[in-house]
Number of protein chains: 2
Amino acid sequence: MDDLNLIFNRKSIRHYQNGKEVGKDKLKLLIQAGMSAPSAVNICPWEFIAVTDAGLLDSLAERLPNASMLREAAAAIIVCGDPERDDSGIARKFWVQDCSAATENILLAAEALGLGAVWTGLYPDQERIGKIRPLLSLPERIIPLNVIPLGYPAEKILPKDKWEESRLHWEKW
Amino acid sequence: MDDLNLIFNRKSIRHYQNGKEVGKDKLKLLIQAGMSAPSAVNICPWEFIAVTDAGLLDSLAERLPNASMLREAAAAIIVCGDPERDDSGIARKFWVQDCSAATENILLAAEALGLGAVWTGLYPDQERIGKIRPLLSLPERIIPLNVIPLGYPAEKILPKDKWEESRLHWEKW
C-alpha cells in the first residue's frame, strides 16, 4: 500500500526553490525510470534531453508560454519520440503512448526523490515544437512530446482528487 | 528510493494463477490510481471498463489475438478515451497522452498490489477497436486505447533492463 501512495501523492509542482540544483545523478535516475516504461513490441522509440543550463532554460521559457515555470526550474527533461525507430511502423503507431508512459514514470520518480515536476505539453502543437527544435538541435525525425520542468518544491500543495465513480463501468458500458 | 523500486520492478505478466480472483475492491483501487494521472488542463478525458466475467474475458480473447492471455486472466481493465470531452479541443489533442499516463499508473498499482498485468494495445488499430466495441457496448465517441489483462502471477520474471545511455542527451542533441 505504501507503494500506491507514490501514485496518489504525485502532484504538479510549478514553483521551485531558488538556487537549489538537481544533480546529474538524480536526472539520470529520473530518465532510467522513464526508460523502464512498457513499450509496444519493446521498440522503445524514446529519447530524453536533460537540461540544466540556466540560459537554455530561460530561452525555452521565453518560447513556451505554457512552460514559463522553466525560469524558476533547476533543470528540465524533454521527452522525445522517434516514430521512425523501426521498419515495421510500430513506433509510428505507438510512440505517443510509449513516451507518455515514460513521462508518467519520470513524474512519479520525481515525487519519490522529493522533487517537484510538471508535465507541459508540446506535441501535437506544431508551433511549440517548431519554436524549440533549433534550441535543442533536434533532428527533423525526432518529435518532442513534452517539457518537464524540475526543481525542489517551493510550494506545498495537495494532490488533486480526480476520482469520479461515474467513469468506472463494470463489465460493459 | 524504495518508491523508485516500484517503477524499476514493473514487468509485463502474461500468465496468471488459475481460479484466483481479483476482488472488485482491488480493481477499483487500480482505477483510482489510473484517475490520479496528470491530464492536460485537467480535462481527464478517460473512462475505464472493469471486466471480471469469464465469458466476456474469453470473448475478448477470441477477438484479440494480441490479448490471448485474457483466457487465463481473472479480470481486465479497458482504458478508454473520450476525445470530445471538452468544447475547446484539448481532449482531442491530448487524450492518448492522458490515458497512457493513466494506464502506466494502473500497471504500477498492479505491481504494488502483487498482481500481474500487461498492456495490450488497441488504438490506433481500427480493426481491433471495431471487434470489441459491440462486446463492451461502447458509445461511438468512446475509443478504447488498450486492454490490461490482470491476475495473480503464475510466472516469475525479472523486469527488462531497457537502459540505453545513448538515448540520454545532455543540454541538447
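The structure under discussion appears in the preceding block.
What you are looking at is a predicted structure, and each value in this text was computed from that prediction instead of being measured. (Residues numbered from 1 in each chain as written. Chains lettered and ligands numbered in written order. Predicted model: local features only at pLDDT ≥ 70, side-chain atom pairs only at ≥ 80, totals over all residues.)

Overview of the pairing of strand β2 (residues 75-81) of chain A
Residues and elements named next belong to chain A.
No. 1: Most of β2 is tucked away: 7 of the 7 residues are buried.
No. 2: By the alternation rule, side chains of β2 split into Ala75, Ile77, Val79 and Gly81 and Ala76, Ile78 and Cys80, which are all buried.
No. 3: Pairing analysis gives 6 bridges linking strand β1 (residues 46-51) to β2, with the strands arranged antiparallel. Paired with Trp46 across the two strands is Gly81, which belongs to β2. (Buried ≥ 20, exposed ≤ 12 C-beta atoms within 10 Å, placed from the backbone. Helix = DSSP H or I, 4+ residues; strand = E, 2+ residues; numbered from the N terminus. Pairing = 2+ DSSP bridges.)

So, the interface of chain B and chain A
No. 1: Counting residues at the interface gives 56 residues for chain B, matched by 56 residues for chain A.
No. 2: Among the elements of the structure, α1 (2-9), α2 (24-34), β1 (46-51), α4 (90-112) and β6 (168-170) of chain B are those that each provide at least two residues to the side of chain B that touches chain A.
No. 3: By residue number, the principal contributor to the side of chain B that touches chain A is α4 of chain B, which donates 13 residues.
No. 4: A breakdown of the residues in the side of chain B that touches chain A according to their chemical character gives 34 nonpolar, 10 polar and 12 charged.
No. 5: Bridge count between strand β6 (residues 168-170) of chain A and β1 of chain B: 3 bridges; the pairing is parallel. Bridge pairing links His169 of chain A to Ile49 of chain B in β1 of chain B. (Contact = placed C-beta atoms within 7 Å. Nonpolar A, V, L, I, M, F, W, Y, C, P; charged D, E, K, R; others polar.)

Here we look at the relation of the copies chain B and chain A
No. 1: When chain B is brought onto chain A, the operation consists of a screw motion whose angular component is 180 degrees and whose axial shift is 0.0 Å, with 0.0 Å RMSD remaining. A rotation of that kind, with that shift, is consistent with a two-fold axis. For chain B, the minimum C-alpha distance to the rotation axis belongs to Ala101 of chain B and amounts to 2.6 Å.
No. 2: When the interface residues of chain B are mapped onto chain A, 100% of them are again interface residues, pointing to one common binding face. (Least-squares fit on C-alpha atoms with pLDDT ≥ 70 in both.)

Such coordinate-based values are descriptive only and should not be taken to indicate function.
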